[in-house]
Amino acid sequence: MSTLSLRCIRFALFYLACGMSLGVVFAFDRATGALLRPLHAELNLWGWLTLLIYGMAYHMLPRFLGRPLRWPRAAAWQSWLAIGGVGLAALGWALLVMEAPIARPLMGIAGALQLMGALIFAGLMLDLFIDLRRSAR
Amino acid sequence: MELHTRLFVISGLLALLGAAVLHLLTLLGLGGLWSALVHLMLFGWVSMLIYGVSYHTMPVFSSRSFPWPGMIVVHWAVYSAGLLVAIAGLLTGSDRTGAVGMVLELAGSLLFLVNTIALFVFGVQRGQRLPAGAEQRSIDRLATQATKLASLCMPLSLGLLAAAEAGWISGAWTLAAEHLTLLGWIMLMVVGVACHVLPRWTGRKLRGPAWLRAQLACHIGAMTMMVPALGFGWAVPFAAGGVLMALALALFGWTIWPALAATRQRAAIVFVDERKI
């Protein structure tokens with residue numbers, strides 16, 4: 001398995017551990033749970049699930065389709081955009097609860113990073129599916 | 001790769017892009033998008049990918065072919081229509097539209113069950129099963145139980161969501177259904193598929209089947225505590241379930257870690273016959 005896939009899967013497991021730990025805290029402290037529910041969802045949906053799918057897809061889809069990624073360096077950048085985006089968004093949600101003025105701008109940057117990551121990922125995968133190189137030949 | 005797998009994966013990618021836009025707007029402070037965002041993530045992006053990968057890998061692992069491939073395209077069409085209608089309902093605040101969409105999604109998830117059962121009952125055998133040692137065969141059996149249970153969790157959670165959206169049951173069941181989707185449908189599927197594929201992709205064994213058995217016992221026990229507890233508002237069973245689920249996920253990490261930790265990048269990508277993946 002490539003460094004790219006392993007990086008996504010390892011960070012996915014890290015964010016899962018953070019998201020699950022928060023979930024366990026919420027089980028004992030419902031008031032905190034109500035406040036930090038978006039952070040819990042961010043870590044589980046964008047941190048755990050999405051990064052896990054990125055990692056698995058980078059491994060599986062080129063093999064299922066029988067051709068490598070056209071831009072592996074873009075995929076490496078994409079993984080860091082996604083990983084960093086989740087970290088910044090999580091920090092933003094935590095700062096928002098503390099009413100820090102920097103929270104919203106930080107969250108906006110995080111959302112933009114994740115959107116860019118999603119666009120690059122979709123582009124890389126659609127390129128595999130459509131395979132313009134083969135069509136041109 | 002078959003047409004139906006492509007349809008599901010491309011639909012999943014479109015759902016990801018839609019969800020990323022809703023996510024950005026939510027992070028910028030726009031309200032009223034949360035339910036649609038969570039639904040699009042769980043039932044669009046993640047579920048479409050699971051369906052696509054399952055339809056690709058199930059024939060490989062069972063060494064059978066789907067008897068009615070057209071039914072898979074029907075599944076995709078019904079489920080995609082349901083997803084679009086459900087998201088429209090959630091975005092516009094129309095409970096009836098949302099419920100109709102979720103019923104269509106439920107019908108789609110039942111078609112997945114039909115197609116899966118049809119594969120094992122009526123599917124044409126096509127050669128030998130994938131080779132595996134005794135320990136891996138035992139792990140495969142447990143992993144198959146996990147994926148079967150996952151497939152049952154999906155229609156159950158959509159039924160709960162549709163009932164909550166239609167006002168037949170308390171709104172607290174929406175959160176319960178979302179947890180059933182994440183912990184039942186998605187997580188059990190991840191556990192099952194990971195235990196099938198990781199040893200074969202990496203060439204490294206997982207820890208023994210006893211660890212996986214313990215993981216599944218904790219996972220299923222936690223789900224049966226957490227989901228009703230969220231729906232009925234029971235604090236103590238929810239807390240106990242949360243601790244048990246944390247243990248289950250730690251056991252999952254422990255079980256698969258030898259396969260993840262021991263591998264290093266190869267010099268070049270290696271392709272294998274997809275029938276052997």
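Residues numbered from 1 in each chain as written. Chains lettered and ligands numbered in written order. Predicted model: local features only at pLDDT ≥ 70, side-chain atom pairs only at ≥ 80, totals over all residues. Heavy atoms only, no water.

S.K.: How would you summarise the interface of chain B and chain A if you had to cite specific residues and measurements?
M.R.: In this complex, chain B contributes 58 residues to the contact, which on the side of chain A involves 55 residues. With both chains or domains summed, chain B and chain A bury close to 5,000 Å², and 79% of this area falls on carbon and sulfur atoms. Broken down residue by residue, the surface that chain B buries against chain A is led by L27(B), W34(B) and W201(B), which jointly contribute 13%. Joining chain B to chain A, the criterion identifies one salt bridge. (Contact = heavy atoms within 4.5 Å. Buried area = accessible area lost by both parts, 1.4 Å probe. Salt bridge = Lys/Arg side-chain N within 4 Å of Asp/Glu carboxyl O.)

S.K.: An account of unusual backbone geometry is requested, with residue identities and associated values reported.
M.R.: Of note in the backbone geometry, E99(A) takes a positive phi value of approximately 60 degrees without being a glycine. Structurally, the position occupied by E99(A) is in the loop between α3 (72–97) and α4 (103–130). Residue E99(A) is classed as exposed on the basis of its relative accessible area, which comes to 70%. Although it is not a glycine, S63(B) adopts a positive phi angle of roughly 55 degrees. With respect to the helices and strands, S63(B) occurs in the loop between α2 (34–62) and β1 (64–65). (Helix = DSSP H or I, 4+ residues; strand = E, 2+ residues; numbered from the N terminus. Buried < 20%, exposed > 50% of the residue type's maximum accessible area, 1.4 Å probe, protein only.)

S.K.: Describe the side chain of S47(B), and please don't skip the residues or the numbers.
M.R.: Here S47(B) is to be found in helix α2. Apart from residues lying up to four places away in sequence, S47(B) is in contact with L42(B), Y79(B), M154(B) and W185(B).

S.K.: Account for the pattern of salt bridges, naming residues and giving values.
M.R.: Taken as a whole, this structure holds three salt bridges over all chains when the rule is applied. Measuring nitrogen to oxygen at the nearest pair gives 2.8 Å for the salt bridge that ties R70(A) to D127(A). Linking R70(A) in the loop between α2 (30–65) and α3 with D127(A) in helix α4, this pair joins segments that are 57 residues apart in sequence. As a salt-bridge pair, D140(B) and R200(B) come within 2.8 Å of each other at their nearest N and O atoms. Of this pair, D140(B) sits in helix α5 (residues 134–165) while R200(B) sits in helix α6 (residues 172–202), and the two are 60 residues apart along the sequence.

S.K.: Just give me the short version of the nonpolar core, but keep the residues and values in it.
M.R.: In this structure, W48(A), Y54(A), W45(B) and W185(B) are the most contacted members of the largest nonpolar core, which totals 139 residues. Counting residues per element, this core draws most heavily on α2(A), which supplies 19 residues. In this view, W48(A) contacts A12(A), L13(A), Y15(A), L16(A), L43(A), M187(B), V190(B) and F252(B); residues no more than four positions away in its chain are not counted. (Core = buried A, V, L, I, M, F, W, Y, C linked by side-chain atoms within 4.5 Å.)

S.K.: Just give me the short version of α6(B), but keep the residues and values in it.
M.R.: All names here are of chain B. The first and last C-alpha atoms of α6 sit 42 Å apart over 31 residues, in line with the 45 Å expected at 1.5 Å per residue. In terms of residue burial, α6 counts as a mostly covered element, since 26 of its 31 residues are buried. G203, located one to two residues past α6, shows a positive phi value of around 75 degrees. (Expected span 1.5 Å × (residues − 1).)

S.K.: Talk me through the packing of helix α7 (residues 209–232) of chain B against helix α8 (residues 235–261) of chain B; I want residue IDs and the actual numbers.
M.R.: All names here are of chain B. The N-to-C vectors of α7 and α8 enclose an angle of 155 degrees; their axes lie 8 Å apart at closest approach. In terms of their interaxial angle, α7 and α8 are classed as roughly antiparallel. α8 is crossed by α7, and the crossing has left-handed handedness. Each residue belonging to the contact of α7 with α8 can be placed in one class, and the counts come to 21 nonpolar, six polar and no charged. (Axes fitted to C-alpha atoms, helices over the stretch in contact; angles between N-to-C directions. Parallel < 35°, antiparallel > 145°, perpendicular 65-115°, else oblique. Left-handed = near helix turned anticlockwise from the far one by under 90°. Nonpolar A, V, L, I, M, F, W, Y, C, P; charged D, E, K, R; others polar.)

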